[in-house]
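# What the coordinates show
Residue strings, one per chain:
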Amino acid sequence: MLSATELLDALLERAHAVSETETVALTAALGRVLAAPQISAITVPPLDNSAMDGYAVRVADVLRAGVRLPVSQRIQAGEVGVALAPGSAARIFTGAPVPPGADAVLMQEDCGTDGVDVVINKLPWSGENIRRAGEDIQAGAQILAAGTRIGAAEMGLAASVGLAELPVLRRLKVACFFTGDELVTPGRALQPGQIYNSNRYTLTGLVNGLGCELIDLGIVPDTLEATETALKGAAGIADVVVTSGGVSVGEADYVKAAVEKLGAVKMWKVAMKPGKPIVYGRVGQADFIGLPGNPVSAFVTFCLFVRPFLLKRMGATRVLYRAFPVQAGFAWKKAGARREFLRAQIQPDGRAAIYRNQSSGVLTSCAWSDGMVDLDVGQTVQPGDWVRFIPLAELLS
Ligand code: AMP
Ligand code: MG
């Protein structure tokens, strides 16, 4: 039996990043992995500019509150003023360049006006309400490292230095299929003994969420031939094949046998709940990961193991989730023989509650949760104890 940490290490050791790159328009870069560091050619902001709507002044002209100054110019965002004449103020708006000579901006709430002059009701300090040129980015500075996943903020950052396209790694192709004679696709009526193929939606949703190119091969019956055929097809077109079900040691479990026949297999029993055996293998050029069929086990093991594996395979540098200490709002009396990941939700008081039914078949617990409490082997919990909490936000993005 491997610990969850050992399993993750073993998988990450086998995950080799794609190397082919392409250039995409910035608008199409969301979810992609940056192939090369990005350097800014410009300084951001390009000029000292005002953080407020108000009046730009020379501090030396405002030595007491109540000073009256003529308004010598008006500068809007997008315009450039002229040097500020001593003894005058410039009407200025947020984002407009501060004119040479001015060394403070008073917000308009601190000023009065008689229509001609401005009355400064507050003593300014040097640099007040001025956003300095380059305070965000210096020309020549690296703004994004290779291996960064492009999210909304990264897109905006790239845009802020004028990048119209980005070099990215090619998308990882992930094929999925779902084994089980009992499985039915939603839209059809269930016959006795059948259940809906929920893993298809959970797992393809997770794969899509990572920005991989999904190849959804649907339901595969519980025969060696069907499993082999599906596996062969999947491995021929994908970088990674992910499946659910058929990896226990039951008589109708053909996944391991099929991987073994077509390639090489490594089967790990993980000392955790939920989660049964997980199969890793290689078929041709593709990696294979077989997850348990139980819906919660499939969800949790994908989040904890497959996600980091795929991220590393995609070329991302940040692949591990983080856990944070939170106080328990529940008691856990039975010391487990395995590490346990409990579906949990942070309550308004900041404490973690756990779903009432932690069975690996109860998918409602996953939809209800906003994270998992990660309990060590043998750990018991009293309300108020500090426990490790892994937010779903760390696992779903
Ligand atoms: P298995 O790992 O194939 O032995 O399946 C374990 C349990 O998960 C069984 O109760 C299956 O019916 C259920 N199961 C397997 N595959 C799926 C699926 N794709 N969607 C929902 N439940 C499944
Ligand atoms: Mg099965």
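The structure reproduced in this document is the subject of the present report. (Residues numbered from 1 in each chain as written. Chains lettered and ligands numbered in written order. Predicted model: local features only at pLDDT ≥ 70, side-chain atom pairs only at ≥ 80, totals over all residues. Heavy atoms only, no water.)

Of all residues adjacent to ligand 1, which total 15 residues, the nearest are Glu182, Asn197, Gly246, Gly293 and Asn294. Between ligand 1 and the protein, one listed contact pairs a nitrogen atom with a backbone N or O atom of Ser198 at 3.2 Å. Here Asn199 contributes a backbone N or O atom positioned 3.3 Å from a nitrogen atom of ligand 1. Relative to its free-state accessible area of 480 Å², ligand 1 is covered by the protein chains to the extent of 77%. Split into classes, the residues belonging to the shell around ligand 1 amount to four nonpolar, ten polar and one charged. (Near = heavy atom within 4 Å. Polar contact = N/O pair within 3.5 Å; in protein donor to acceptor, adjacent residues only side chain to side chain. Areas by Shrake-Rupley, 256 points an atom, 1.4 Å probe, with all protein chains shown as cover. Nonpolar A, V, L, I, M, F, W, Y, C, P; charged D, E, K, R; others polar.)

This part takes up the pairing of strand β26 (residues 386-391). Here strand β22 (residues 324-327) pairs with β26 via four bridges, running antiparallel. Residue Pro325 lies in a different strand from β26, and its bridge partner there is Arg388. Sheet topology places strand β25 (residues 371-375) next to β26; four bridges connect them, and they run antiparallel. Each bridged residue has a counterpart across the sheet, and for Asp374 the counterpart in β26 is Arg388. (Pairing = 2+ DSSP bridges. Helix = DSSP H or I, 4+ residues; strand = E, 2+ residues; numbered from the N terminus.)

Within the fold, Ser40 resides in the loop between β2 (38-39) and β3 (49-50). Assessed through its relative accessible area of 2%, Ser40 is described here as buried. At a separation of 2.7 Å, a polar atom in the side chain of Ser40 contacts the main-chain carbonyl oxygen of Ile42. Ignoring anything within four residues of it in the chain, the contact list for Ser40 reads Ile137, Gln138, Ala139, Gly140, Ala141, Ile143 and Val161. (Buried < 20%, exposed > 50% of the residue type's maximum accessible area, 1.4 Å probe, protein only. Contact = heavy atoms within 4.5 Å.)

A few words now on the pattern of salt bridges. What the rule picks out here adds up to 16 salt bridges. Here Arg170 ties to Asp239 by a salt bridge, and the two come within 2.9 Å at their closest N and O atoms. Residue Arg170 is found in the loop between β12 (165-169) and β13 (173-179), and its partner Asp239 is found in the loop between α4 (224-237) and β17 (240-244); the two are separated by 69 residues along the sequence. Its relative accessible area of 11% is what places Asp239 among the buried residues. Residues Lys273 and Glu340 are paired through a salt bridge, measuring 3.9 Å at the closest nitrogen-oxygen approach. With Lys273 in strand β19 (residues 272-273) and Glu340 in strand β23 (residues 339-346), this pair connects stretches of sequence that are 67 residues apart. In the salt-bridge network here, residues are joined through shared partners; they are Arg339, Asp374, Asp376 and Arg388. (Salt bridge = Lys/Arg side-chain N within 4 Å of Asp/Glu carboxyl O.)

Think of a sheet as strands paired side by side through backbone hydrogen bonds, with each pair either parallel or antiparallel. Ordered by their spatial adjacency, six strands build an open sheet running β16-β13-β17-β21-β20-β18, and the pairing between neighbours is mixed. The open sheet terminates on both sides in strands that have one partner only, identified here as β16 (213-220) and β18 (264-269). Here the average twist between neighbouring strands, direction ignored, is 15°. Looking at chain direction, β17 and strand β21 (residues 286-291) are connected through five bridges and run parallel. Looking at the pairing, Thr243 lines up with Gly290 of β21. (Axes fitted to C-alpha atoms, helices over the stretch in contact; angles between N-to-C directions.)

Take unusual backbone geometry next. Residue Pro45 is bonded to the preceding Val44 through a cis peptide linkage, with omega at -10°. Along the chain, Pro45 falls in the loop between β2 and β3. Cis geometry is found at the peptide bond from Lys273 to Pro274, where omega equals -5°. Within the element layout of this structure, Pro274 appears in the loop between β19 and β20 (277-283). Backbone geometry places Asn129, a non-glycine residue, at a positive phi of 60°. Relative accessible area serves as the criterion here: at 19%, Asn129 is assigned to the buried category.

Moving on, we come to the packing of helix α1 (residues 4-13) against helix α6 (residues 295-314). One can describe the packing of α1 onto α6 by two numbers: an axis separation of 9 Å at closest approach and a directional angle of 25°. If you check the angle between α1 and α6, you find them roughly parallel. In this structure, α1 crosses over α6, and the sense of that crossing is right-handed. In contact with Ala4, Leu7, Leu8, Leu11 and Leu12 of α1, α6 contributes Leu304, Phe305, Pro308, Phe309 and Lys312. A breakdown of the residues in the contact of α1 with α6 according to their chemical character gives nine nonpolar, no polar and one charged. (Parallel < 35°, antiparallel > 145°, perpendicular 65-115°, else oblique. Left-handed = near helix turned anticlockwise from the far one by under 90°.)

Put simply, α4 and helix α5 (residues 255-262) touch, their axes get as near as 9 Å, and they point 55° apart. With respect to their mutual orientation, α4 and α5 come out oblique. Remark: the crossing between α4 and α5 carries right-handed chirality. Residues Leu224, Thr227, Glu228, Leu231 and Lys232 of α4 touch α5, and the partners they reach there are Val255, Ala257, Ala258, Val259, Lys261 and Leu262. Here the contact of α4 with α5 is composed, by residue class, of seven nonpolar, one polar and three charged.

Here Thr204 lies in helix α3 (residues 198-209). Owing to a relative accessible area of 9%, Thr204 belongs among the buried residues under this scheme. Every residue in contact with Thr204, bar those within four places of it in the chain, is listed here: Phe178, Asn199, Leu214 and Asp216.

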